[in-house]
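Residue strings, one per chain:
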Amino acid sequence: AAHKASLDIFEEAGMDHLIAKGKLLSGYLMFILNELNKKTAEKNIEIITPPNEKERGCQVSILMLKNGKNIFEALTKEGVISDWREPNVIRVAPVPLYNSFEDIFKFGEIISKMISK
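1. Points about the overall build of the protein chain
Now for step 1: Across its full length, the protein chain carries four helices and four strands.
Now for step 2: Going from the N terminus to the C terminus, the protein chain shows its helices and strands as α-α-β-β-α-β-β-α.
Now for step 3: Overall, the C-alpha framework of the protein chain stretches about 50 × 30 × 25 Å when taken along its three principal axes.
Now for step 4: Within the protein chain, the proportion of its 117 residues that are buried is 32%.
Now for step 5: If you take every contact in the protein chain between residues at least 6 apart in sequence, the share linking residues at least 24 apart comes to 60%.
Now for step 6: When the accessible surface of the protein chain is summed, it comes to about 7,600 Å², and 56% of that surface belongs to carbon and sulfur atoms.

2. As for the environment of Asn 52
Now for step 1: Here Asn 52 is to be found in the loop between β1 (45-47) and β2 (60-64).
Now for step 2: Overall, Asn 52 belongs to the partly exposed group, its relative accessible area being 35%.
Now for step 3: Separated by 29 residues in the primary sequence, Asn 52 and Lys 23 place their C-alpha atoms 9.7 Å from one another.

3. A short note on the sheet that holds β2
Now for step 1: Read from one edge to the other, the open sheet built from four strands follows the order β1-β2-β4-β3, with strand pairing classed as antiparallel. Every interior strand has two partners, whereas the edge strands, β1 and β3 (83-85), have only one. Averaged over all adjacent pairs, the angle separating strand axes in this sheet is 30°, with direction ignored.
Now for step 2: Across three bridges, β1 lies against β2 in antiparallel orientation. If you follow Glu 46 over to β2, its bridge partner there is Leu 63.

4. Considering the pairing of β2
Now for step 1: Most of β2 sits out of view: four of its five residues are buried.
Now for step 2: In the sheet, β2 pairs with strand β4 (residues 89-92) via four bridges, with the strands oriented antiparallel. Across the sheet, the residue bridging to Leu 63 is Val 89, located in β4.

5. Let's talk about the packing of aromatic side chains
Now for step 1: Overall, the coordinates contain three aromatic pairs when judged by the stated rule.
Now for step 2: Seen in terms of ring centroids, Phe 72 and Trp 84 are 5.8 Å apart; in terms of plane orientation they differ by 40°. Their pairing is tilted. Of this pair, Phe 72 sits in helix α3 (residues 68-77) while Trp 84 sits in strand β3; the two residues are 12 residues apart in sequence, bridging distant segments of the chain. We note that Phe 72, like Trp 84, is buried.
Now for step 3: Taken together, the aromatic side chains of Tyr 28, Phe 31 and Phe 101 make up a single cluster linked through ring pairs.

6. Considerations on α3
Now for step 1: Those residues of α3 lying buried are Gly 68, Ile 71, Phe 72 and Leu 75. The buried residues of α3 occupy an angular sector of 100° when the element is viewed end-on, so they sit on one face. Those residues of α3 that are exposed and angled more than 90 degrees off the buried face are Asn 70 and Lys 77.
Now for step 2: At its buried positions, α3 is contacted by β2, β3, β4 and α4 (101-115).
Now for step 3: Downstream of α3 by one or two residues, Gly 79 has phi in the positive range, about 90°.

Each value, and the rule that gives it
Residues numbered from 1 in each chain as written. Predicted model: local features only at pLDDT ≥ 70, side-chain atom pairs only at ≥ 80, totals over all residues. Heavy atoms only, no water. Helix = DSSP H or I, 4+ residues; strand = E, 2+ residues; numbered from the N terminus. Buried < 20%, exposed > 50% of the residue type's maximum accessible area, 1.4 Å probe, protein only. Contact = heavy atoms within 4.5 Å. Areas by Shrake-Rupley, 256 points an atom, 1.4 Å probe, with all protein chains shown as cover. Pairing = 2+ DSSP bridges. Axes fitted to C-alpha atoms, helices over the stretch in contact; angles between N-to-C directions. Phe/Tyr/Trp six-rings, centres within 6.5 Å; stacked < 30°, edge-to-face > 60°. Arc of directions from axis to C-beta.

Below, the structure is given as structure tokens:
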């Protein structure tokens with residue numbers, strides 16, 4: 001029954017719509033991160049996920065050039081669900097079924113404050 005309910009939600013949303021939204025969300029996230037880099041004197045992050053949407057899913061991997069582990073821990077305290085990979089990568093995956101463009105914008109605001117510290 002639980003699996004059926006989940007499948008019904010995906011069917012209602014439509015996989016084509018979810019895939020398209022996922023690509024838009026991750027593209028917007030990459031845009032936000034690139035804009036953050038432009039606003040700082042030094043480059044703080046490097047996106048290591050391919051920019052070509054045909055070569056990626058919704059996950060964006062961010063190589064933190066400074067204070068990566070501290071920023072990851074601060075993001076977690078702010079309620080951001082992300083993933084840490086050694087030596088210095090934060091992985092963020094905006095999920096199209098329940099994340100919004102506003103969520104991405106808020107993430108940008110949160111990480112911007114952390115980078116500028």
